[in-house]
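Structural description and commentary
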2 protein chains.
Amino acid sequence: MQEKGLLIVLSGPSGVGKGTVRKAIFSQPDTEFEYSISMTTRTPREGEVNGVDYFFKSREEFEGLIEQDRLLEYAEFVGNYYGTPVDYVRETLDSGKDVFLEIEVKGARQVREKFPEGLFIFLMPPSLHELKNRIVTRGTETDDLITNRLLSAREEIEMMDLYDYIVENDQVELASERIIAIVKAEHCRRERVEHRYKKLLEVE
Amino acid sequence: MQEKGLLIVLSGPSGVGKGTVRKAIFSQPDTEFEYSISMTTRTPREGEVNGVDYFFKSREEFEGLIEQDRLLEYAEFVGNYYGTPVDYVRETLDSGKDVFLEIEVKGARQVREKFPEGLFIFLMPPSLHELKNRIVTRGTETDDLITNRLLSAREEIEMMDLYDYIVENDQVELASERIIAIVKAEHCRRERVEHRYKKLLEVE
């Protein structure tokens with residue numbers, strides 16, 4: 001029986017740089033996982049290519065897929081739908097290849113429910129780290145600014161609970177190396193691989 | 001407060017090549033963890049240097065350390081003691097550096113009891129993988145040979161249960177890359193790092 005691939009989900013707060021990190025990962029020559037292209041109803045931006053950056057669909061088409069339950073996750077942002085077609089994900093995993101999703105936090109929550117065994121990576125804004133340093137060193141920030149930052153930090157930190165790994169996006173290269181290492185490591189986790197060897201004993 | 005380092009334990013069946021893989025890891029220029037040198041009562045082999053390959057001690061000295069509970073783990077093989085001095089490990093972890101141990105499976109079991117939060121990596125003989133292939137393809141092996149191999153495979157597989165990761169030693173370079181990736185990934189595991197960010201909220 002073909003062993004299934006790993007579902008890798010990269011998410012994190014909006015504006016953290018998920019797309020840039022994802023592109024850095026896929027620009028590596030030895031990246032062995034498949035990128036699942038998202039679907040959207042928004043208008044292509046200049047330079048964006050259908051089937052490369054996104055699958056661009058009409059609202060009607062998108063809502064048809066929602067009704068047929070053919071989206072692994074979807075959400076509406078600023079009047080446009082974004083989602084992940086489920087067929088490609090399932091077929092690729094079944095063929096033994098890893099699938100990489102780069103999605104918003106709301107979508108990641110939906111995927112966690114359907115694929116609890118997935119590998120969930122939270123890309124953390126370095127500002128959270130900086131914030132910590134500023135608070136510790138009691139710098140020049142006004143109290144109001146610190147309070148506002150703490151409020152948004154609270155939201156970001158609460159999002160983290162869903163994830164297996166937290167990767168700080170301090171530098172795109174470092175963040176993408178960490179993610180590649182995480183995928184490599186996960187392929188060695190005992191819970192994931194021991195069944196291969198335990199099966200040996202069943203032969204007796 | 002200084003964050004503690006990670007205790008990394010590399011172990012596996014005798015003869016699997018733990019020492020060779022450990023040397024390959026430490027020959028990398030950017031290896032950031034500290035190797036904990038084992039202590040032994042056996043005679044140095046040609047070329048072995050005290051304080052580099054092992055700390056060579058007399059039986060009397062070694063038994064003194066056992067009595068004072070100053071060994072993280074120890075065992076006797078073929079009439080000689082082998083063990084890990086605990087002071088170096090604790091001091092290095094407390095200073096925030098990762099410590100790397102390369103020890104026998106019996107020792108790894110003792111360390112797991114004292115440091116359950118350690119990172120335990122089982123180096124797997126590729127023969128186990130080969131064995132699986134041979135059984136699956138029903139090759140030319142005699143039944144006796146297969147039965148014997150299955151018996152020793154059973155022992156090796158039962159050892160795995162204690163570990164977090166299983167790394168196949170198919171090629172030294174590949175095995176050491178996997179181990180380096182595992183350590184990098186572990187430094188991003190949510191359970192290990194979230195407290196840094198959760199502390200932010202306590203400041204309010």
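Residues numbered from 1 in each chain as written. Chains lettered and ligands numbered in written order. Predicted model: local features only at pLDDT ≥ 70, side-chain atom pairs only at ≥ 80, totals over all residues. Heavy atoms only, no water.

1. Observations concerning the overall build of chain A
Stated precisely, the cut-off is as follows: The helix and strand labels rest on DSSP assignments: H or I over at least four residues marks a helix, E over at least two residues marks a strand, and numbering proceeds from the N terminus. Exposed residues in this analysis have more than 50% of their type's maximum accessible area, buried residues have under 20%, and partly exposed residues fall in between, with area computed by a 1.4 Å probe over protein chains only. Any pair of residues with heavy atoms lying within 4.5 Å of one another is described as a contacting pair. Working definition of accessibility: Shrake-Rupley area with a 1.4 Å probe, residue cover restricted to the visible protein chains.
Counting secondary structure elements, chain A contains eight helices and nine strands. Expressed as a percentage of the 204 residues in chain A, the buried residues total 47%. Taking the intrachain contacts of chain A between residues at least 6 apart in sequence as the baseline, contacts between residues at least 24 apart amount to 66%. Of the accessible surface of chain A, which amounts to about 10700 Å², a share of 47% is contributed by carbon and sulfur atoms.

2. Observations concerning the environment of Asp69 of chain B
As for its placement among the helices and strands, Asp69 of chain B is situated in the loop between α2 (59–67) and β5 (71–77). Expressed as a C-alpha distance, the spacing of Asp69 of chain B and Val86 of chain B, which sit 17 residues apart in the sequence, is 8.5 Å.

3. Quick word on unusual backbone geometry
Residue and element names in this part refer to chain B. A positive phi is found at Asp69, a non-glycine position, where the angle reads about 55°. Its identity is not glycine, yet Val78 carries a phi of approximately 45°, on the positive side. A residue is classified by how much of its surface remains accessible, and Val78, at 84% relative accessible area, is exposed.

4. Regarding the sheet that holds strand β7 (residues 99–102) of chain B
All names here are of chain B. Definition in use: Paired strands are those between which DSSP finds at least two bridges. In this description, a line fitted to the C-alpha atoms serves as the axis of each element, helices being fitted only across the stretch in contact, and the angle between N-to-C directions of two axes falls anywhere from 0 to 180 degrees.
Reading across the sheet, the five strands line up as β2-β7-β1-β8-β9 and stay open at both edges, with parallel pairing between neighbours. Looking at which strands have only one partner, the edges of the open sheet turn out to be β2 (34–35) and β9 (165–168). Across two bridges, the pairing between β2 and β7 is parallel. Across the sheet, Glu34 pairs through a bridge with Val99, a residue of β7. Strands in contact with helix α7 (residues 172–186) are β1 (7–11), β7, β8 (119–124) and β9; relative to β9, the strand with the most contacts, it is inclined by about 160°.

5. Considerations on the pattern of salt bridges
The condition is simple: We define a salt bridge as a side-chain nitrogen of Lys or Arg found within 4 Å of a carboxyl oxygen belonging to Asp or Glu.
Evaluation of the coordinates by the stated rule reveals 32 salt bridges over all chains. The salt bridge involving Arg22 of chain A is made with Glu102 of chain A; its shortest N-O contact spans 2.7 Å. Remark: Glu102 of chain A occurs in strand β7 (residues 99–102) and Arg22 of chain A occurs in helix α1 (residues 18–26); sequence separation between them is 80 residues. With respect to class, Arg22 of chain A is no different from Glu102 of chain A; both count as buried. Of the charged contacts, one joins Arg112 of chain B and Asp164 of chain B as a salt bridge, the two residues approaching to 2.8 Å between their closest N and O atoms. Of this pair, Arg112 of chain B sits in helix α4 (residues 105–114) while Asp164 of chain B sits in the loop between α6 (143–160) and β9, and the two are 52 residues apart along the sequence. Here Arg112 of chain B and Asp164 of chain B have matching classes, each one buried. Each of the salt bridges in this network shares a partner with another, and the network as a whole consists of Glu186, Arg189, Glu191 and Arg192 of chain A together with Glu186, Arg189, Glu191 and Arg192 of chain B.

6. A short note on the confidence of the model for chain A
Put simply, the test is: The predictor reports its confidence for every residue as pLDDT, a score running from 0 up to 100.
Of all residues in chain A, 88% attain a pLDDT of 70 or more, and the chain-wide mean is 88. For chain A, per-element mean pLDDT is lowest for helix α5 (residues 126–137) of chain A, which scores 67, and highest for helix α2 (residues 59–67) of chain A, which scores 97.

7. Looking at the sheet that holds strand β5 (residues 71–77) of chain A
Residue and element names in this part refer to chain A. The four strands lie next to each other as β4-β3-β6-β5, forming an open sheet whose pairing is mixed. Sheet topology places β4 (55–56) and β5 at the edges, where each strand pairs with a single neighbour. Strands in contact with helix α3 (residues 86–94) are β5 and β6 (80–85); relative to β6, the strand with the most contacts, it is inclined by about 20°.

8. Structural notes on the UniProt feature "binding site: ATP" (unreviewed entry) in chain A
All names here are of chain A. Put simply, the test is: UniProt positions are given in the numbering used here, feature names are shortened, and annotations may be inferred rather than shown by experiment.
This chain's UniProt record puts "binding site: ATP" (unreviewed entry) on Gly12, Pro13, Ser14, Gly15, Val16, Gly17, Lys18 and Gly19. Residue placement: Gly15 occurs in the loop between β1 (7–11) and α1. Among the structural elements, Gly19 can be located in helix α1.

9. Here's the deal with α3 of chain A
Residue and element names in this part refer to chain A. Using the following cut-off: Throughout, the arc means that of the directions going from the helix axis to the C-beta atoms.
Inspection of α3 places Val86, Val89, Thr92 and Leu93 among the buried residues, and these make up the whole buried set. Around the axis of α3, the buried residues are gathered within 140° of arc, so they sit on the same side. Against the buried residues of α3 lie β1, β2 (34–35), β5, β6 and β7. Phi for Gly96, located one or two positions after α3, is positive at around 95°.

10. Quick word on the pairing of strand β6 (residues 80–85) of chain B
All names here are of chain B. Bridge count for strand β3 (residues 39–40) against β6 is two bridges, and the pairing is antiparallel. Its bridge partner lying in β6, Thr40 is registered against Tyr82. The pairing of β5 with β6 spans six bridges and is antiparallel. Its bridge partner lying in β6, Glu76 is registered against Tyr81.

11. Details of the side chain of Thr84 of chain A
Residue and element names in this part refer to chain A. Tracing the backbone shows Thr84 in strand β6. For Thr84, a relative accessible area of 1% gives the class buried. If we ignore the near neighbours within four places in the chain, the residues touching Thr84 are Ser36, Ser38, Arg70, Leu71, Leu72, Glu73, Val89, Leu101 and Ile103.

12. Quick notes on α7 of chain B
Short version of the rule: Take the residue count of a helix, subtract one, and multiply by 1.5 Å to get its expected span.
Its 15 residues place the ends of α7 of chain B 21 Å apart at the C-alpha level, agreeing with the 21 Å of an ideal helix rising 1.5 Å per residue. Of all the residues in α7 of chain B, the buried ones are Ala175, Ser176, Arg178, Ile179, Ala181, Ile182, Val183, Ala185 and Glu186 of chain B.

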